[in-house]
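Fold and contact review
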Amino acid sequence: DGGITQSPKYLFRKEGQNVTLSCEQNLNHDAMYWYRQDPGQGLRLIYYSQIVNDFQKGDIAEGYSVSREKKESFPLTVTSAQKNPTAFYLCASRPPGNTGELFFGEGSRLTVL
Amino acid sequence: KNQVEQSPQSLIILEGKNCTLQCNYTVSPFSNLRWYKQDTGRGPVSLTIMTFSENTKSNGRYTATLDADTKQSSLHITASQLSDSASYICVVISQTGANNLFFGTGTRLTVIP
């Protein structure tokens, strides 16, 4: 089935450790996004990529890094520099055009112990 | 400043009752508006899209309205079911900019038997 696959679903990390969240899509979309969701807050954009080998910072990029070496993959690394990394992370892809439709993965919940 | 505000923040209704969720925005230039449904711990899924020329659109028991003059949209849910319990997110898409998606903080709907 076509879609967005995020892994792992749940992740626990000790302070000071980096962790990488995986996002894979088989929808053949050029654009991919990473969002962070906290309780009571809307989705906030971390990074986005409109094409392979190119990506831009979103509104809250500090403490995060990404790569886009393949069209299908857009992994997010949460570094130790991120002060409050415990959150629900959502990856999405977007088809061409300006309809604004995003196809989301099931999310990854990161908890820092 | 491009902003999207949703109300109420949360809502509890009895099964079988109707409800209306509100979305006000200041995004300009406006392209279209989407309503997403997000079940707890899952990724959001698009319910409907409203373009500038559309006033009303239905998707089963969901009816969205758009008043582009007052920059308001609503999502009406008829004969609510327990499965309607979710967060409903309003996303406004502008005509310009690489990052042209603006998210509301969502309305958390709980349907009780």
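Below you will find a few notes about this structure.

Here is what the cut-offs are and how they apply
Residues numbered from 1 in each chain as written. Chains lettered and ligands numbered in written order. Predicted model: local features only at pLDDT ≥ 70, side-chain atom pairs only at ≥ 80, totals over all residues. Heavy atoms only, no water. Helix = DSSP H or I, 4+ residues; strand = E, 2+ residues; numbered from the N terminus. Rg over C-alpha atoms; globule rule 2.2 N^0.38 Å. Buried < 20%, exposed > 50% of the residue type's maximum accessible area, 1.4 Å probe, protein only. Contact = heavy atoms within 4.5 Å. Areas by Shrake-Rupley, 256 points an atom, 1.4 Å probe, with all protein chains shown as cover. Lys, Arg positive; Asp, Glu negative; His and termini not counted. Charge placed at Lys NZ, Arg CZ, Asp CG, Glu CD. Buried area = accessible area lost by both parts, 1.4 Å probe. Salt bridge = Lys/Arg side-chain N within 4 Å of Asp/Glu carboxyl O. Polar contact = N/O pair within 3.5 Å; in protein donor to acceptor, adjacent residues only side chain to side chain. Nonpolar A, V, L, I, M, F, W, Y, C, P; charged D, E, K, R; others polar. 1 Å grid on protein atoms, 1.4 Å probe; cavity = no way out; pocket = protein on both sides within 12 Å on 5 of 7 lines; lining within 4 Å. Points joined across faces, edges and corners; volume = space filled by probe spheres on them. Patch = residues over 30% accessible without salt bridge, like charges linked within 9 Å, V, L, I, M, F, W, Y side chains within 5 Å.

Some points on the overall build of chain A
The helix and strand inventory of chain A stands at 0 helices and 11 strands. The linear arrangement of helices and strands in chain A, starting from the amino end, is β-β-β-β-β-β-β-β-β-β-β. Computed over the C-alpha atoms, the radius of gyration of chain A is 13 Å, within 12% of the 13 Å expected from 2.2 N^0.38 for a compact globule of 113 residues. Seen through its C-alpha atoms, chain A measures out along the principal axes to roughly 40 × 25 × 25 Å. A buried classification covers 50% of the 113 residues belonging to chain A. Contacts in chain A between residues at least 24 apart in sequence constitute 51% of all its contacts with a sequence separation of at least 6. As presented, chain A carries roughly 5,500 Å² of accessible surface, and 48% of it is formed by carbon and sulfur atoms.

Concerning the overall build of chain B
Helix and strand content of chain B: 0 helices and 11 strands. Walking chain B from its N terminus toward its C terminus, one meets helices and strands in the order β-β-β-β-β-β-β-β-β-β-β. Here the C-alpha radius of gyration of chain B, 14 Å, is about what a compact globule of 113 residues would show, namely 13 Å. Viewed in the frame of its principal axes, chain B has a C-alpha envelope of about 45 × 30 × 20 Å. The burial tally for chain B puts 47% of its 113 residues in the buried class. Long-range contacts, defined here as pairs at least 24 residues apart, represent 56% of the contacts in chain B between residues at least 6 apart. Here chain B has roughly 5,300 Å² of accessible surface; of this, 49% comes from carbon and sulfur atoms. Seen as two clouds, the 9 positive and the 7 negative side-chain charges of chain B have centres 6 Å apart.

Comments concerning the interface of chain A and chain B
Taken residue by residue, the interface counts 23 residues in chain A and 23 residues in chain B. In total, chain A and chain B occlude about 1,700 Å² of area from one another, counting both sides; carbon and sulfur atoms represent 48% of this. Residue Arg-34 of chain B pairs with Glu-101 of chain A through a salt bridge whose shortest N-O separation is 3.8 Å. One can count 11 residue pairs in polar contact (both at pLDDT 80 or more) joining chain A with chain B. Looking at the side of chain A that touches chain B, the elements that each hand over two or more residues are strand E4 (31-37), strand E5 (44-51) and strand E9 (87-94) of chain A. When its residues are assigned to classes, the side of chain A that touches chain B shows 9 nonpolar, 9 polar and 5 charged.

Some points on the side chain of Ser-73 of chain B
Residues and elements named next belong to chain B. Looking at the element boundaries, Ser-73 is found in strand E8 (residues 72-77). Assessed through its relative accessible area of 1%, Ser-73 is described here as buried. Within the local environment of Ser-73, its side chain forms a polar contact with the backbone oxygen of Thr-65, the two atoms lying 2.7 Å apart. Among residues more than four places away in sequence, those in contact with Ser-73 are Leu-21, Gln-22, Cys-23, Leu-33, Trp-35, Thr-65 and Leu-66.

What to know about the layout of surface pockets
Computed from the structure, the largest pocket encloses a volume of approximately 460 Å³. Gln-37, Asp-38, Pro-39 and Gly-40 of chain A together with Ser-87 of chain B are, among the 24 residues lining the largest pocket, the residues nearest its centre. Classifying every residue of the lining of the largest pocket gives 6 nonpolar, 14 polar and 4 charged. Space inside the second largest pocket adds up to approximately 380 Å³. Lining the second largest pocket are 17 residues, with Leu-43 and Asp-59 of chain A together with Asn-2, Phe-102 and Phe-103 of chain B sitting closest to its centre. Of all the secondary structure elements, the ones that give two or more residues to the lining of the second largest pocket are E5 of chain A together with strand E10 (101-103) of chain B. The biggest single contributor to the lining of the second largest pocket is E10 of chain B, with 3 residues. Split into classes, the residues belonging to the lining of the second largest pocket amount to 7 nonpolar, 7 polar and 3 charged.

Describing a nonpolar patch on the surface
All names here are of chain A. Taken together, the side chains of Tyr-10, Phe-12 and Leu-113 present a nonpolar region at the surface, about 400 Å² in accessible area. Relative to the elements of secondary structure, Tyr-10 occurs in strand E2 (residues 10-13). With a relative accessible area of 54%, Tyr-10 lands in the exposed category.

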